[in-house]
Amino acid sequence: MVAPPRFKDALEILAKHRVDLVVVGGVAAVLNGAPIATFDLDVVPARSQENLDRLAAALNDLEARYRDRSGRDLRPETAGLAGDGHHLLLTRCGPLDVLGQIGSGRCYEDLLPDAVAISVGSATVRVLGLSALIRTKEEAGREKDLAVLGILRRTLQESAKK
Amino acid sequence: MSDDGDASLIRWMLSLTPEARLAVLQGFVDSAVELGNGRPA
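Quantities reported herein were computed from a predicted structural model and do not represent experimental measurements.

(A) Fine view of the interface of chain B and chain A. Taken residue by residue, the interface counts 16 residues in chain B and 20 residues in chain A. Those elements that place two or more of their residues in the side of chain B that touches chain A are helix H1 (3-15) and helix H2 (18-36) of chain B. Among the elements that line the side of chain B that touches chain A, the one with the most residues is H2 of chain B, at 9 residues. Looking at side-chain class alone, the side of chain B that touches chain A contains 11 nonpolar, 1 polar and 4 charged residues.

Here it is, written out as structure tokens:
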């Protein structure tokens, strides 16, 4: 059975293992104030060896497995996490997408200047800011990215008025 | 949803703390999961 999302718990476990990452995607949009819905947590981790080791430990803690259509029990491994690809996982805190890069090839170091630190429960996490989030979704250009651009742009406009 | 409705909802979300915004999302997800399980939220 697929565990339902528990976003705060997942973020706290990643923070407990001191994983350097930037939260992106729908959860980042919500943390920035956009009223959208999502069921998975998307993160872009730093890919230094030390951080990949911490990430692997966190994923083990989260009981992460690949979302494998044929039902194989595939666990993420440190070496595999080092690439640019997307790792679509299920965890005991719900779906977790570990992304090597987003948009037009933007990795952790590229996103970091546009990330803000936000407290969630006992964790402080880096979250991609709204302007950068919009840019990466424009770059990705997938239907699901384009579908939320309107509400993200409206949120950015409203937040500028505050 | 109308444009005004969008703006009202966005302003309400922006009035919340980030943690409270995440709680709103979590509440939506929990409700959807309960509905998917055939039980009232």
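(B) Geometry of the sheet that holds strand S3 (residues 65-66) of chain A. All names here are of chain A. Ordered by their spatial adjacency, 7 strands build an open sheet running S3-S4-S5-S2-S1-S7-S6, and the pairing between neighbours is mixed. Of all strands in the sheet, those with a lone pairing partner are S3 and strand S6 (115-120), marking the two edges. In the sheet, strand S1 (residues 21-24) pairs with strand S2 (residues 41-45) via 4 bridges, with the strands oriented antiparallel. Note that in S2 the partner of leucine 21 across the bridge is proline 45.

(C) Highlighting the environment of arginine 21 of chain B. All names here are of chain B. Turning to its location among the elements, arginine 21 is positioned in helix H2. By the C-beta count within 10 Å, which is 24 here, arginine 21 ends up buried. Separated by 16 residues in the primary sequence, arginine 21 and asparagine 37 place their C-alpha atoms 25 Å from one another.

(D) Examining the nonpolar core more closely. One finds Val22, Val23, Val24 and Leu128 of chain A to be the most contacted residues of the largest nonpolar core, which totals 49 residues. Residues contacting valine 22 of chain A, with those up to four places away along its chain left out, are Val43, Val44, Tyr108, Leu111, Leu112, Ala115, Arg126 and Leu128 of chain A.

What counts and how
Residues numbered from 1 in each chain as written. Chains lettered and ligands numbered in written order. Predicted model: local features only at pLDDT ≥ 70, side-chain atom pairs only at ≥ 80, totals over all residues. Contact = placed C-beta atoms within 7 Å. Helix = DSSP H or I, 4+ residues; strand = E, 2+ residues; numbered from the N terminus. Nonpolar A, V, L, I, M, F, W, Y, C, P; charged D, E, K, R; others polar. Pairing = 2+ DSSP bridges. Buried ≥ 20, exposed ≤ 12 C-beta atoms within 10 Å, placed from the backbone. Core = buried A, V, L, I, M, F, W, Y, C linked by C-beta atoms within 7 Å.

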